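Observations on the model geometry
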Amino acid sequence: MKVNGHPMRSIWVESDGVSVGVLDQTRLPHAFVKVRLSTAEEAAHAIRSMLVRGAPLIGATAAYGLCLALRVDASDAGLKAAHAMLRATRPTAVNLHWALDGMLAALAPLPPAEREAEAWRRAAALCDEDVAINRSIGEHALKLFQAAWEKKGKQGRLNVLTHCNAGWLATVDWGTALAPIYLAHDAGLPVHVWVDETRPRNQGAGLTAWELGQHGVPHTVIADNVGGHLMQHGMVDLCIVGTDRTTAQGDVANKIGTYLKALAAKDTGVPFYVALPSPTIDWTLRDGLKEIPIEQREGTELSEVSGRLPSGDIATVRITPPSSPAANYAFDVTPARLVTALVTERGVCPATEEGMLSLFPERRAARGTGS
Ligand code: MRU
């Protein structure tokens, strides 16, 4: 996507060929800061502290983290230790496991001397694959947007509500839920986005709003509790969100608060779509509520807020009484029954096991469900 008119990705190999560049997403939208990752420990820290975040980008950063580890120690023990360290950085997004386990399986059989070069090649391929997947999700979801626009009689604007940031900052490029928004805007559809602020870390207010602004997409930031009211008053034509892990029966884990938007959408008859890259499907799980691990983060993310002062300085202030504990659940699970459809790189399907298997038939044999 473009920043100040210049195309860029959210992660890249630096010109030295042995370090990796990312944007510090904790500084956006107030400061545009590039950070160089030179060691696996720095890559792990970037994921844990959310310099980089979003399920696909976490996976890509971890893959490069493994490359950085192999520069120092390409032995069996070194590979295993780096894999374990990076895998433990965040618990909910399954892309992290997908990327690291895939790299490990490909690299472990190789002689240590060949591992590093192959790791860089695979990490780059993984990034290119992410871009292609997201573009394809965008094209499939664009058809849903066009249908909604027709249904509306092409009057006014197409109002889309999204939660958190599932844009290019959360992926290598394009984003998942935001990909169709960019394509629709570029195709001349008068799309307008309601951007949930997404407390406590404000990925909507800070990142989605910034991305959409860079691309010139009309949008309005709303408090997290507003979406239901807008839906009740016919001010939302469709919702589309990303996901960190979707089970084989279509239960969707995404940023905390997604479930409440899906409930409101169900009650008001607003379509609720989930943009789902295949690496985000956890085929080993069925019941999302029981089986998906939900990350809990520091209470200070809730009890403190950072922002820009009129002077331009960034300040952090406390908003809760010092003695009040805070519980910071970072994700929730939206049951499949509340999801109108899943949009994958292979097309659109119902949020059911059968629906998903119809798009990924190669999984049937693996699941032992016949052909
Ligand atoms: O905690 P975060 O910011 O990593 O959470 C990100 C989300 O919940 C996104 O919606 C999800 O990763 C999908 S990104 C395409």
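In short, a report on the structure. This is a predicted model, so every value here is computed, not measured.

About the cut-offs
Residues numbered from 1 in each chain as written. Predicted model: local features only at pLDDT ≥ 70, side-chain atom pairs only at ≥ 80, totals over all residues. Heavy atoms only, no water. Axes fitted to C-alpha atoms, helices over the stretch in contact; angles between N-to-C directions. Helix = DSSP H or I, 4+ residues; strand = E, 2+ residues; numbered from the N terminus. Parallel < 35°, antiparallel > 145°, perpendicular 65-115°, else oblique. Left-handed = near helix turned anticlockwise from the far one by under 90°. Contact = heavy atoms within 4.5 Å. Buried < 20%, exposed > 50% of the residue type's maximum accessible area, 1.4 Å probe, protein only. Salt bridge = Lys/Arg side-chain N within 4 Å of Asp/Glu carboxyl O. Nonpolar A, V, L, I, M, F, W, Y, C, P; charged D, E, K, R; others polar. 1 Å grid on protein atoms, 1.4 Å probe; cavity = no way out; pocket = protein on both sides within 12 Å on 5 of 7 lines; lining within 4 Å. Points joined across faces, edges and corners; volume = space filled by probe spheres on them. Domains from an automatic or database assignment. Arc of directions from axis to C-beta. Near = heavy atom within 4 Å. Polar contact = N/O pair within 3.5 Å; in protein donor to acceptor, adjacent residues only side chain to side chain. Areas by Shrake-Rupley, 256 points an atom, 1.4 Å probe, with all protein chains shown as cover. Sits in = over half its atoms within 2 Å of the grid points. Phe/Tyr/Trp six-rings, centres within 6.5 Å; stacked < 30°, edge-to-face > 60°.

**Some thoughts on the packing of helix α1 (residues 40-48) against helix α2 (residues 55-72)**
In the contact formed by α1 and α2, the axes pass within 8 Å of each other and the chain directions differ by 165°. Regarding the angle of α1 to α2, the classification is roughly antiparallel. The interaxial crossing formed by α1 with α2 has left-handed handedness. Where α1 abuts α2, its residues A40, A43 and I47 lie against I58, T61, A62, G65, L68 and A69.

**Examining the environment of T220**
In this fold, T220 is placed in strand β8 (residues 219-222). Taking the relative accessible area as the measure of exposure, T220 reaches 30% and is therefore partly exposed. As for T220 and P361, which are separated by 141 residues in sequence, their C-alpha atoms are 40 Å apart. Every residue in contact with T220, bar those within four places of it in the chain, is listed here: H192, V193, W194 and V195.

**Remarks on the pattern of salt bridges**
For the structure on display, the rule yields 20 salt bridges. Between R121 and E118 there is a salt bridge, and its shortest N-O distance comes to 2.9 Å. Within this pair, R121 and its partner E118 are both found in helix α5 (residues 112-151), separated by 3 residues, close to a single helical turn. Here E118 falls in the buried class, since its relative accessible area comes to 18%. Here K290 makes a salt bridge to D287, at a shortest N to O gap of 3.7 Å. What emerges from the salt-bridge pattern is a single network uniting R90, R201, E295, R297 and E301.

**Side note on the packing of α2 against α5**
Running from N to C, α2 and α5 point in directions that differ by 170°, and their axes come no closer than 8 Å. The pairing of α2 with α5 is recorded here as roughly antiparallel in orientation. Contacts from P56, A60, A63, Y64, C67, L68, L70 and R71 in α2 reach R115, E116, A119, W120, A123, A124, L126, C127 and D130 in α5. Across the contact of α2 with α5, the residue classes break down as 13 nonpolar, no polar and 4 charged.

**Quick word on the layout of surface pockets**
Remark: the empty space left among the atoms is shown by a probe the size of a water molecule rolled over them. Estimated volume of the largest pocket: approximately 610 Å³. Looking at the largest pocket, it is lined by 24 residues, and the ones nearest its centre are T26, L28, R201, N202 and S306. Taken together, the residues of the lining of the largest pocket sort by class into 8 nonpolar, 10 polar and 6 charged. Inspection of the lining of the largest pocket shows a minimum of three residues originating in each of domain 1 (2-129) and domain 2 (139-367). Its boundaries defined by the atoms lining it, the second largest pocket holds a volume of some 340 Å³. Going through the elements one at a time, α4 (95-107), β13 (281-282) and α13 (362-367) are the ones with two or more residues in the lining of the second largest pocket. Looking at the lining of the second largest pocket, its residues break down into 6 nonpolar, 3 polar and 8 charged. The two domains that each donate at least three residues to the lining of the second largest pocket are domain 1 (2-129) and domain 2 (139-367).

**Structural notes on helix α9 (residues 258-268)**
Buried within α9 we find T258, K261, A262, A264 and A265. Looking down the long axis of α9, one finds its buried residues gathered within 165° of arc, a one-sided arrangement. Of the residues in α9, the exposed ones pointing more than 90 degrees away from the buried face are L260, K266 and D267.

**Observations concerning the site of the ligand**
Around the ligand, 19 residues are found, and the nearest of them are R53, R90, Q203, N254 and K255. At a separation of 2.7 Å, an oxygen atom of the ligand approaches a polar side-chain atom of N254. Protein burial of the ligand: of its 420 Å² of free accessible surface, 99% is covered by the chains. Judged by its atoms lying within 2 Å of the grid points, the ligand is housed in the largest cavity. Secondary structure elements with two or more residues in the shell around the ligand: α2 and β11 (252-255). Grouping the amino acids of the shell around the ligand by side-chain chemistry returns 7 nonpolar, 8 polar and 4 charged. Two domains share the shell around the ligand, each providing at least three of its residues, namely domain 1 (2-129) and domain 2 (139-367).

**Quick word on the environment of Y259**
Its location among the elements puts Y259 in helix α9. The exposure class of Y259 is partly exposed, given its relative accessible area of 30%. When neighbours within four sequence positions are excluded, Y259 is seen to be in contact with D332, V333, T334, P335 and L338.

**Overview of the packing of aromatic side chains**
A complete count under the given rule lists 4 aromatic pairs for this structure. When the centroid spacing of 5.9 Å and the interplanar angle of 65° are considered together, the rings of W283 and F360 count as edge-to-face. With W283 in the loop between β13 and α10 (288-291) and F360 in the loop between α12 (353-359) and α13, this residue pair connects regions lying 77 residues apart in the sequence. In this structure F360 comes out as buried when scored by relative accessible area, which is 4%. Here the aromatic residues F32, W168 and W210 are joined through ring pairs into a cluster of three or more.

**A look at empty space enclosed by the protein**
A complete count under the given rule lists 3 cavities of 30 Å³ or more for this structure. Estimated volume of the largest cavity: approximately 190 Å³. Contributions of two or more residues to the lining of the largest cavity are made by α2 and β11. By residue number, the principal contributor to the lining of the largest cavity is α2, which donates 3 residues. Broken down by class, the residue content of the lining of the largest cavity amounts to 10 nonpolar, 9 polar and 4 charged. Domain assignment of the residues forming the lining of the largest cavity places at least three in each of domain 1 (2-129) and domain 2 (139-367). The space that makes up the second largest cavity amounts to roughly 70 Å³. Taken together, P56, A60, N95, W98, L126, E129, D130, I133 and P279 make up the lining of the second largest cavity. Elements represented by at least two residues in the lining of the second largest cavity include exactly α2, α4 and α5. If you tally residues by element for the lining of the second largest cavity, the top one is α5, at 4 residues. Looking at the lining of the second largest cavity residue by residue, the classes come out as 6 nonpolar, 1 polar and 2 charged.

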